[in-house]
Amino acid sequence: MIAQPSIFDLQADLCKTMSNVTRLKILHCLREGPHCVREIVQTTRLAQPAVSQQLAILRSRGIVTAQREKGEVVYRIANPKIVQVCDLVRQVLAEQTAHQAQLAQTLHPK
């Protein structure tokens with residue numbers, strides 16, 4: 001019998017997938033709505049091969065879906081909660097940055 005991955009294993013895999021700058025830029029682009037590769041390349045200013053490669057990874061992990069429309073493959077975020085996760089992480093980072101700036105000001109007042 002093959003052991004099923006724990007929720008922690010699955011969470012770690014998701015975090016690993018989300019730990020790539022190119023993938024995050026692609027997801028940020030897709031948060032505005034569905035896009036084909038050409039549009040993602042134009043918006044992100046990333047190289048087409050890199051975009052295609054990272055979209056394949058996102059798709060294999062179930063983070064984005066792909067559908068052929070009018071001769072092009074259009075990508076969408078599979079679950080809108082992915083956008084919420086990204087927003088929450090950014091909020092945490094903003095709070096940490098503000099806290100660190102406040103500490104620096106306390107330690108080194110002008």
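What comes next is a walk through the structure.

Rules and cut-offs
Throughout, a residue's number is its position along its own chain's written sequence, starting from 1. Predicted model: local features are reported for residues with pLDDT of at least 70 only, side-chain atom pairs are reported and counted for 80 or more only, and whole-chain, interface and lining totals are derived from all residues. Side-chain measures were taken over the full set of non-hydrogen atoms in the model, leaving aside hydrogen atoms and water. In this description a helix means any DSSP run of H or I spanning at least four residues, a strand means any run of E spanning at least two, and both kinds are numbered starting from the N terminus. Throughout, radius of gyration means the C-alpha value; the globule benchmark is 2.2 Å times the number of residues raised to the power 0.38. Contact criterion: two residues are considered in contact whenever any of their non-hydrogen atoms come within 4.5 Å of each other. Note that accessible areas follow from Shrake-Rupley with a 1.4 Å probe, and for residues the cover is restricted to the protein chains shown. Residues enter patches when they are more than 30% accessible in relative terms and free of salt bridges; like-charged ones are connected within 9 Å and nonpolar ones (Val, Leu, Ile, Met, Phe, Trp, Tyr) within 5 Å. Only one rule defines a salt bridge in this text: a Lys or Arg side-chain nitrogen within 4 Å of an Asp or Glu carboxyl oxygen. Exposure classes here rest on a 1.4 Å probe applied to the protein chains alone. A residue is buried below 20% of its type maximum, exposed above 50%, and partly exposed in between. Only when DSSP finds a minimum of two bridges between them are two strands counted as paired. Axis lines are fitted to C-alpha atoms, over the contacting stretch for helices. Their N-to-C directions set the angle, which ranges from 0 to 180 degrees. Roughly parallel here means an angle under 35 degrees, roughly antiparallel means over 145, roughly perpendicular means 65 to 115, and every remaining angle is called oblique. Residues are grouped as follows: Ala, Val, Leu, Ile, Met, Phe, Trp, Tyr, Cys and Pro are nonpolar; Asp, Glu, Lys and Arg are charged; every other residue, Gly included, is polar.

### Observations concerning the overall build of the chain
Now for step 1: When its secondary structure is counted, the chain shows five helices and three strands.
Now for step 2: Relative to the 2.2 N^0.38 estimate, which gives 13 Å for 110 residues, the radius of gyration of the chain is 18 Å and therefore markedly larger than a compact globule would have.
Now for step 3: Across the chain, contacts joining residues at least 24 apart in sequence account for 47% of those joining residues at least 6 apart.
Now for step 4: Here the chain has roughly 8300 Å² of accessible surface; of this, 57% comes from carbon and sulfur atoms.

### Re a nonpolar patch on the surface
Now for step 1: Taken together, the side chains of Ile7, Phe8 and Leu10 present a nonpolar region at the surface, about 360 Å² in accessible area.
Now for step 2: Ile7 gets classed as exposed once you look at its relative accessible area, which sits at 61%.

### Considering the pairing of strand β2 (residues 64-69)
Now for step 1: The sheet contact formed by β2 and strand β3 (residues 72-77) spans six bridges and is antiparallel. Bridge pairing in β3 links Val64 to Ile77.
Now for step 2: Connecting the antiparallel pair β2 and β3 is a turn made up of two residues, with Lys70 showing a positive phi of about 50°.

### A closer look at the packing of helix α2 (residues 21-30) against helix α3 (residues 37-44)
Now for step 1: At a minimum axis separation of 10 Å, α2 and α3 run at an interaxial angle of 110°. Looking at the two axes, α2 sits roughly perpendicular to α3. The residues of α3 that touch α2, namely those facing Lys25, Ile26, Cys29 and Leu30, are Ile40, Thr43 and Thr44.
Now for step 2: When grouped by side-chain class, the residues that make up the contact of α2 with α3 number four nonpolar, two polar and one charged.

### Description of the packing of α2 against helix α4 (residues 48-60)
Now for step 1: Between α2 and α4, the least distance of the axes is 10 Å, while the angle of their chain directions is 80°. In terms of orientation, α2 and α4 fall into the roughly perpendicular class. Only Ala50, Val51, Gln54, Leu55, Ile57 and Leu58 of α4 make contact with α2, whose side of the interface consists of Thr22, Arg23, Ile26, Leu27 and Leu30.
Now for step 2: Class assignment of the residues belonging to the contact of α2 with α4 gives a composition of eight nonpolar, two polar and one charged.

### Digging into the sheet that holds β3
Now for step 1: The three strands lie next to each other as β1-β3-β2, forming an open sheet whose pairing is antiparallel. Only two strands of the sheet have a single partner each, and these edge strands are β1 (35-36) and β2.
Now for step 2: Across the sheet, α2 touches β1, β2 and β3, and the angle it forms with β3 is around 90°.

### Notes on the pairing of β3
Now for step 1: Sheet topology note: the β1/β3 ladder contains two bridges and is antiparallel. What sits directly across from Cys36, in β3, is Val74.

The analysis is restricted to geometry; functional conclusions fall outside its scope.
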